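Survey of secondary and tertiary structure
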Amino acid sequence: MVFLRAKVLVIGDCCVGKSAICQVLSSDGGSYPKNYSSTIMTELLIKQIQLTDTDDTVELFLHDNSGKAIHFENCRETWLNADMIVLVYDVSNKDSFGHIKFWYEKAKESFLYDKEIIGCVIGNKSDLNSIVSQANAKQLAESIQMKAFECSAKDNNNILDPFKYLASEYVRKYNNDIQRVQDIIN
């Protein structure tokens with residue numbers, strides 16, 4: 001059993017529901033923001049994910065970032081030394097999906113030493129008519145070595161799944177790193 005902490009960047013275009021996802025996740029579905037207010041810079045939320053199959057726990061420090069270009073340069077410092085990336089788009093907005101690679105490339109710049117990037121692509125607002133197919137989302141996610149998910153923060157539907165995936169991948173990476181160090185020592 002291990003207890004790990006991880007810095008998670010939650011990024012994407014403005015109005016895709018990044019804050020709603022983070023707030024619903026961190027409140028265990030108890031808090032959906034009824035009034036929209038745009039995130040300025042970065043908001044920090046914390047969520048512990050317990051993996052039932054291994055009894056490991058990962059405490060996720062969710063850095064909910066503004067999607068507005070005017071705040072981008074000021075947010076970059078908070079991106080340094082991130083452990084994971086969550087790329088969010090709105091399934092009813094093809095432009096937000098088209099910008100996922102842009103956000104990925106910007107986030108990748110904050111990862112030092114070419115370390116492995118753990119992340120996922122989340123299509124939010126699955127309660128609306130989807131313009132982006134799940135097949136296209138899966139193809140895009142695979143092209144950047146990530147996994148695709150769909151959720152609805154409004155309906156609290158499938159919010160936890162992507163973060164359980166991230167936590168399990170983080171524990172896997174941790175165990176691999178420990179094994180690599182043990183191999184060097186031996």
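So, how was this worked out
Every residue gets a number counted from 1 within its own chain, in the order that chain's sequence is written. Residue-level local features of this predicted model are given only where pLDDT is at least 70; pairs of side-chain atoms are given and counted only at 80 or more, and the full residue set underlies all totals for whole chains, interfaces and linings. Note that the side-chain values use all heavy atoms of the structure and ignore hydrogens as well as water. A pair of strands counts as paired when DSSP detects no fewer than two bridges linking them. Helix numbers and strand numbers start at the N terminus; a helix is a DSSP run of H or I with at least 4 residues, a strand a run of E with at least 2. A fitted line through C-alpha atoms represents every axis, and for helices the fit uses only the stretch in contact; the resulting angles, taken between N-to-C directions, go from 0 to 180 degrees. Working rule for contacts: check all heavy atoms of both residues, and any pair within 4.5 Å makes them a contact. Each residue carries a pLDDT score, the predictor's confidence in it, ranging from 0 to 100. To qualify as a nonpolar core, a set must consist of buried Ala, Val, Leu, Ile, Met, Phe, Trp, Tyr and Cys residues joined through side-chain atoms within 4.5 Å. Three labels apply to residues, based on accessible area from a 1.4 Å probe with only protein chains included: buried if under 20% of the type maximum, exposed if over 50%, partly exposed otherwise in between. When a carboxyl oxygen of Asp or Glu lies within 4 Å of a side-chain nitrogen of Lys or Arg, that pair is called a salt bridge. Working definition: rings of Phe, Tyr and Trp (its six-membered ring) pair if their centres are within 6.5 Å, and the pair is stacked with planes under 30 degrees apart, edge-to-face with planes over 60 apart, and tilted otherwise.

**A closer look at the sheet that holds strand 3 (residues 56–65)**
Pairing between the strands of a sheet comes from backbone hydrogen bonds, and it takes one of two forms, parallel or antiparallel. The strand order 2-3-1-4-5-6 describes an open sheet built from 6 strands, whose pairing is mixed. Each having just a single partner strand, strand 2 (42–51) and strand 6 (147–150) make up the two edges of the open sheet. Taken pair by pair, the neighbouring strands of this sheet meet at an average axis angle of 25 degrees, ignoring direction. Bridge count for strand 1 (residues 3–12) against strand 3 is 8 bridges, and the pairing is parallel. Each bridged residue has a counterpart across the sheet, and for A6 the counterpart in strand 3 is L60.

**What about the environment of I144?**
The topology assignment puts I144 in the loop between helix 5 (134–143) and strand 6. Sequence-wise, I144 and E105 are 39 residues apart; in three dimensions their C-alpha atoms are separated by 9.8 Å. Not counting residues up to four positions away in its chain, the partners in contact with I144 are L87, K101, Y104 and V121.

**A closer look at the confidence of the model for the protein chain**
Close inspection of predicted coordinates is inappropriate for parts of the model with low pLDDT. Residue-level pLDDT values for the protein chain average 87, and 87% of them are 70 or greater. Mean pLDDT across the elements of the protein chain ranges from a minimum in helix 2 (residues 69–79), with 61, to a maximum in strand 6, with 98.

**Some thoughts on the nonpolar core**
Counting residues in hydrophobic clusters, the biggest one holds 32 residues, and the most contacted among them are L60, L62, V86, I122 and F163. Only strand 1, helix 1 (18–26), strand 2, strand 3, strand 4 (84–90), strand 5 (118–124) and helix 6 (160–185) provide two or more residues apiece to this core. Apart from residues lying up to four places away in sequence, L62 is in contact with V8, V10, C22, L25, E43, L44, L45, K47 and F163.

**Points about the pattern of salt bridges**
Taken as a whole and judged by the stated rule, the model has 9 salt bridges. With a closest N to O distance of 3.4 Å, D90 and K125 form a salt bridge. Residue D90 is found in strand 4, and its partner K125 is found in the loop between strand 5 and helix 5; the two are separated by 35 residues along the sequence. K125 sits in the partly exposed class, given a relative accessible area of 22%. Of the charged contacts, one joins E105 and K108 as a salt bridge, the two residues approaching to 3.8 Å between their closest N and O atoms. With E105 and K108 both in helix 4 (residues 100–108), this residue pair falls 3 residues apart, about one helical turn. Salt bridges sharing partners connect three or more residues here, namely E116, E169 and R172.

**Quick word on the pairing of strand 3**
A large share of strand 3 lies buried, amounting to 9 of its 10 residues. As judged from the 10 bridges shared by strand 2 and strand 3, these two strands associate in the antiparallel manner. Along strand 3, the bridge assignment pairs E43 with D64. In textbook terms, the turn of a hairpin is the stretch between consecutive antiparallel strands, and for strand 2 and strand 3 this stretch comprises 4 residues, one of which, D55, has a positive phi near 65 degrees.

**Section: the packing of aromatic side chains**
Overall, the coordinates contain 3 aromatic pairs when judged by the stated rule. Geometrically, the ring pair formed by Y89 and F97 is edge-to-face, given 4.9 Å between the ring centres and 65 degrees between the ring planes. Across the pair, F97 and Y89 agree in class, each one buried. Summarising the aromatic geometry, the rings of F149 and Y165 are spaced 5.6 Å apart at their centres and angled 50 degrees between planes, so their arrangement reads as tilted. Of this pair, F149 sits in strand 6 while Y165 is found in helix 6, placing the two residues 16 residues apart along the sequence. Residue class for F149 comes out buried when judged on its relative accessible area of 15%.

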